[in-house]
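# Coordinate inspection notes
Here are the chains, one letter per residue:
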Amino acid sequence: MSKKEQVPDSKGRFGIYGGVYVAETLVPALEELAQKYELIKDDKEFKAEVQDDLEKFVGRPSPLYFAKHWSKKLGGAKVYLKREDLNHTGAHKINNTVGQILLAKHMGKTRIIAETGAGQHGVATATVAARQGLECVIYMGEEDIKRQSLNVYRIKILGAEVVSVNSGTKTLKDAMNEAMRDWVTNVDNTYYIIGSVAGPHPYPQIVRDFNSIVGKEVLVQSKNQIGKMPDLLVACVGGGSNAMGLFYPFIDISSTDLVGVEAGGLGLDTGKHAAPLNAGSEGVLHGMRTYLMQTEEGQIQNTHSISAGLDYPGVGPEHAWLKDIGRADYTTANDQEALDAFKELTLVEGIMPALETAHALAYVKKIAPTMDSEKVIVVNISGRGDKDINTVADIEGIKL
Amino acid sequence: MGRIETTFLDLAELKQKALIGYIVSGDPNVSSTLMAMHLMVEEGVHVIELGIAFSDPMAEGPSIQQGHERALSEKISLKATLKLVKSFREKDKKTPVVLMGYMNTFEALGSEVFSSTAKDNGVDGVLIVDMPLEASDEFTEESRKQGLDVIRLIAPTTTESRIKKICKQASGYVYYISLKGITGADSINPKEVEKKVLKLKKVTDLPVVIGFGIKDGKSASKVKDLADGVVVGSALVDIMGGNKEEIEKHLSIKIKDLSKALHKT
């Protein structure tokens, strides 16, 4: 059997990772969701519905773009960019929300909630909720609201309510806690659209499946445009949905290496980072068993990253599994390296990536020059950088 | 026979309901917790649930979240809590103590170390909020071996077939979550609770207690006849987080009020 088909198992596990670790109130809701999803995911009509939205509403397929100028500058492997930044709403997040909102409708839910870090998932959720005429509440950490004010405003214009979360570290993990608390209270009429390949089963599977359109397109585009499969796929990893979407269709193609790039923050040795796969340990948070940044006593640690979307102490359980079985490698890029890569791609290719994406680019900057010119790297441009303008300007000491 | 079983049997004989008090261990500090445990017993609490502080207490409302945060700022740990129970046992050999918390902190200590230390130090039961039935073998097998009761939660959403499975695995008492929501919420519906608890009673011989949303004598008296006991948490945690000079006074008043309501026939 292929690696791909093995996971998750009937208990929602990827090896020892994943599973369902939630309070009893939510167990029946997750079982219902898993059953419903299992029934509907291969349904012809449902698939056609999702496909139609992906084409006409999201604008898929997204191009696979040969970064000729950047490749030349790096002087090694050919670098191709998977342009998820060109999707409607500006990131890969919409692939998932388009699918999950249809699932919610089929389940008869009338109210949508979501957590968001950088705000991209919040925008993507508010967008599909607006379109389907469903009530929508977005939970966002107070810290993230400050650094992503543009997206907060977008969400509000889309008619959704933004709830500022000021417990704990006031970032993505706390927004997720709060969304879970909402869900447990309003579980009868509410659908929780989790934005990453994280949380209790079946979410890691659902979010992976809806995002795997990215990898599927890369398979076809590589064949048509390059005439061969890529040698290396690179993507940034916070919770890990854009990486999982790109990697998943390639898991059984052993000639293609997979590298996920976590947020190194100020450096792994400073402790101020968000790299659980590189510097964390196994534990249970947000309904899943996975790698976490935690103290010896099992308290979740504060994370730091220049990018709000990577500022999360856990990671999707399938990544934890891919790391353990050695199918994917996980490395880090720090804040400064990400910032440099952000500027370089913008200058050389005229493409301004999200700061999250810039972590993947920072790794490409390092690895491409060491590779032969016949080699091909595909990097997922998971989102566009407009939302990060304030953050970058702040660092440069510029007032907008 | 363990302390939990003895306590509920004694209460049943007296036709009394159990008052279960929840506070967070180390909130606002360890010595206050120890003081509060003895005081609670003195004023009429029959079982003590000690919350184990966690950085991400997903099932808790604002009151108990703040309790967790206060305890963590005092650097409380599961290990320190086990020591605290040992100190409590120096004076109180009778009152059951249940540790209630989240999977990650229990796992960090390890099931063997936790279970044997807990047993030695006089802990009677463990309730792990985010460890549903399907995941329970991973941690609680060791606890069971040591003779600790593994308390299980039943929610309004739990189906009948699932209730049966859960009750088979439960020991000590069964904790019925009275509402869909987080601790300290405000929407308890006695009629719905009654329906579910009646079903529950048919399935299990274990005592059934009701928690979430009970904060004073008035709300306690609404549900007390439905079950074998009630759990009060947020209201006590609010007191523990209030003015330090007045914790004793307010705790005493609150528990007297609850106790009176439970004893009224």
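Below is a summary of the structure that appears in this document. Because the structure is a prediction, the values reported are computed rather than measured.

Assigned secondary structure in chain B consists of twelve helices and nine strands. Taken over C-alpha atoms, the radius of gyration comes to 17 Å for chain B, in line with the 18 Å a tight globule of 265 residues would show. Counting only C-alpha atoms and orienting by the principal axes, one finds that chain B spans roughly 40 × 40 × 35 Å. The buried share among the 265 residues of chain B stands at 62%. Carbon and sulfur atoms form 49% of the exposed surface of chain B, whose accessible area is close to 11000 Å². Positive and negative side-chain charges in chain B, numbering 37 and 37 respectively, have mean positions lying 5 Å apart.

Time to look at the sheet that holds strand 8 (residues 208-211) of chain B. Residue and element names in this part refer to chain B. Overall, parallel pairing links the nine strands, which are arranged 5-4-3-2-1-9-8-7-6 in an open sheet. Only two strands of the sheet have a single partner each, and these edge strands are strand 5 (149-150) and strand 6 (152-154). Lying over the sheet, helix 8 (residues 160-169) contacts strand 6 and strand 7 (174-177), oriented at roughly 160° with respect to strand 6.

The next thing to look at is the packing of aromatic side chains. All names here are of chain A. Within this structure, the stated rule accounts for 13 aromatic pairs over all chains. The interplanar angle of 70° and the centroid separation of 6.1 Å between the aromatic rings of Tyr37 and Phe210 together place this pair among those described as edge-to-face. Of the two residues, Tyr37 is situated in helix 2 (residues 27-40) and Phe210 in helix 10 (residues 203-211); the sequence distance between them amounts to 173 residues. Both residues of the pair, Tyr37 and Phe210, count as buried. Each ring, one from Trp183 and one from Tyr203, has its centre 6.2 Å from the other, and the planes form 75°; the classification is edge-to-face. Pair noted here: Trp183 is in helix 9 (residues 172-185) and Tyr203 is in helix 10, with a separation of 20 residues, a long-range link. Look at Trp183 and you get buried, because its relative accessible area is 4%. The ring of Phe57 carries Arg131 above its face, with NZ or CZ at 4.0 Å from the centroid. Of note, Lys323 hangs over the ring of Tyr291, and the distance from its end group to the ring centre comes to 5.6 Å.

Moving on to the interface of chain B and chain A. Often the size quoted for an interface is simply the accessible area lost on bringing the parts together. In this complex, chain B contributes 35 residues to the contact, which on the side of chain A involves 36 residues. Taken together, the two surfaces of chain B and chain A that pack against each other cover about 2700 Å², and 49% of this comes from carbon and sulfur. Across the contact surface, chain B and chain A share five salt bridges. Glu107 of chain B is the salt-bridge partner of Arg289 of chain A, the closest N and O atoms lying 2.6 Å from each other. Where chain B touches chain A, the interface holds 18 residue pairs in polar contact (both at pLDDT 80 or more). Only helix 3 (62-73), helix 5 (103-109), strand 6 and helix 8 of chain B provide two or more residues apiece to the side of chain B that touches chain A. For the side of chain B that touches chain A, the element with the highest residue contribution is helix 5 of chain B, accounting for five residues. Taken together, the residues that form the side of chain B that touches chain A break down as 18 nonpolar, eight polar and nine charged.

On to the environment of Arg111 of chain A. Residue and element names in this part refer to chain A. Tracing the chain through its elements places Arg111 in strand 5 (residues 111-116). Its relative accessible area of 10% is what places Arg111 among the buried residues. C-alpha of Arg111 to C-alpha of Val218: the two residues are 107 residues apart in sequence and 34 Å apart in space. In this structure, Arg111 is in contact with Glu135, Val137, Asp182, Asn186, Asn189, Thr190 and Tyr191, ignoring residues within four places of it in sequence. Within polar-contact distance, the side chain of Arg111 engages the side chain of Glu135 at 3.5 Å. Polar side-chain contacts of Arg111 include one of 2.9 Å to the side chain of Thr190.

Here we take up the packing of helix 2 (residues 30-43) of chain B against helix 4 (residues 78-91) of chain B. All names here are of chain B. For the pair helix 2 and helix 4, interaxial distance at closest approach is 10 Å and the crossing angle is 40°. Of the possible angle classes, the one that applies to helix 2 and helix 4 is oblique. Crossing geometry of helix 2 relative to helix 4 is assigned as right-handed. Note on element contacts: helix 4 touches helix 2 through Leu84, Ser87, Phe88 and Lys91, opposite Val30, Thr33, Leu34, Met37, His38 and Val41. Of the residues belonging to the contact of helix 2 with helix 4, the class tally is six nonpolar, three polar and one charged.

All right, on to the pairing of strand 11 (residues 281-285) of chain A then. All names here are of chain A. Relative to strand 12 (residues 287-292), strand 11 is paired through five bridges, and the arrangement is antiparallel. Of the residues in strand 12, the one forming a bridge with Gly283 is Thr290. What sits between the antiparallel neighbours strand 11 and strand 12 is a turn of one residue, in which His286 has the positive phi angle 50°.

This next bit is on unusual backbone geometry. Cis geometry is adopted by the peptide bond preceding Pro202 of chain A, which originates at His201 of chain A and carries an omega value of 10°. On the secondary structure map, Pro202 of chain A appears in the loop between strand 8 (190-192) and helix 10. The residue after Asp27 of chain B, namely Pro28 of chain B, is reached through a cis peptide bond having omega 0°. In this structure, Pro28 of chain B sits in the loop between strand 1 (18-24) and helix 2. In this model, His286 of chain A sits at a positive phi of 50°, which is unusual for a non-glycine residue. Along the chain, His286 of chain A falls in the loop between strand 11 and strand 12. The phi torsion at Lys15 of chain B lies on the positive side, around 55°, for a residue other than glycine. Residue class for Lys15 of chain B comes out exposed when judged on its relative accessible area of 75%.

Here we take up the environment of Asn151 of chain A. Residue and element names in this part refer to chain A. Along the chain, Asn151 turns up in helix 8 (residues 149-157). Here Asn151 falls in the buried class, since its relative accessible area comes to 0%. Separated by 35 residues in the primary sequence, Asn151 and Asn186 have C-alpha atoms spaced 26 Å apart. Those residues in contact with Asn151, other than ones at most four positions away along the chain, are Ala118, Gly119, Gln120, Val123 and Lys387.

Structurally, the position occupied by Asp56 of chain B is in the loop between strand 2 (47-51) and helix 3. With a relative accessible area of 1%, Asp56 of chain B lands in the buried category. Once residues lying within four places of it in the same chain are set aside, the contact partners of Asp56 of chain B are Lys173, Asp174, Asn177, Leu285 and Ile300 of chain A.

Attention now moves to the packing of helix 4 of chain B against helix 6 (residues 111-121) of chain B. Residues and elements named next belong to chain B. In the contact formed by helix 4 and helix 6, the axes pass within 8 Å of each other and the chain directions differ by 20°. The orientation of helix 4 with respect to helix 6, classified from their angle, is roughly parallel. As for how helix 4 packs across helix 6, the hand of that crossing is left-handed. Contacts between helix 4 and helix 6 involve Leu78, Leu82, Lys83, Val85, Lys86 and Arg89 from the former and Phe114, Thr117, Ala118 and Asn121 from the latter. Residue composition of the contact of helix 4 with helix 6, grouped by class: five nonpolar, two polar and three charged.

What counts and how
- Residues numbered from 1 in each chain as written.
- Chains lettered and ligands numbered in written order.
- Predicted model: local features only at pLDDT ≥ 70, side-chain atom pairs only at ≥ 80, totals over all residues.
- Heavy atoms only, no water.
- Helix = DSSP H or I, 4+ residues; strand = E, 2+ residues; numbered from the N terminus.
- Rg over C-alpha atoms; globule rule 2.2 N^0.38 Å.
- Buried < 20%, exposed > 50% of the residue type's maximum accessible area, 1.4 Å probe, protein only.
- Areas by Shrake-Rupley, 256 points an atom, 1.4 Å probe, with all protein chains shown as cover.
- Lys, Arg positive; Asp, Glu negative; His and termini not counted.
- Charge placed at Lys NZ, Arg CZ, Asp CG, Glu CD.
- Pairing = 2+ DSSP bridges.
- Contact = heavy atoms within 4.5 Å.
- Axes fitted to C-alpha atoms, helices over the stretch in contact; angles between N-to-C directions.
- Phe/Tyr/Trp six-rings, centres within 6.5 Å; stacked < 30°, edge-to-face > 60°.
- Lys NZ or Arg CZ within 6 Å of the ring centre and 35° of its normal.
- Buried area = accessible area lost by both parts, 1.4 Å probe.
- Salt bridge = Lys/Arg side-chain N within 4 Å of Asp/Glu carboxyl O.
- Polar contact = N/O pair within 3.5 Å; in protein donor to acceptor, adjacent residues only side chain to side chain.
- Nonpolar A, V, L, I, M, F, W, Y, C, P; charged D, E, K, R; others polar.
- Parallel < 35°, antiparallel > 145°, perpendicular 65-115°, else oblique.
- Left-handed = near helix turned anticlockwise from the far one by under 90°.

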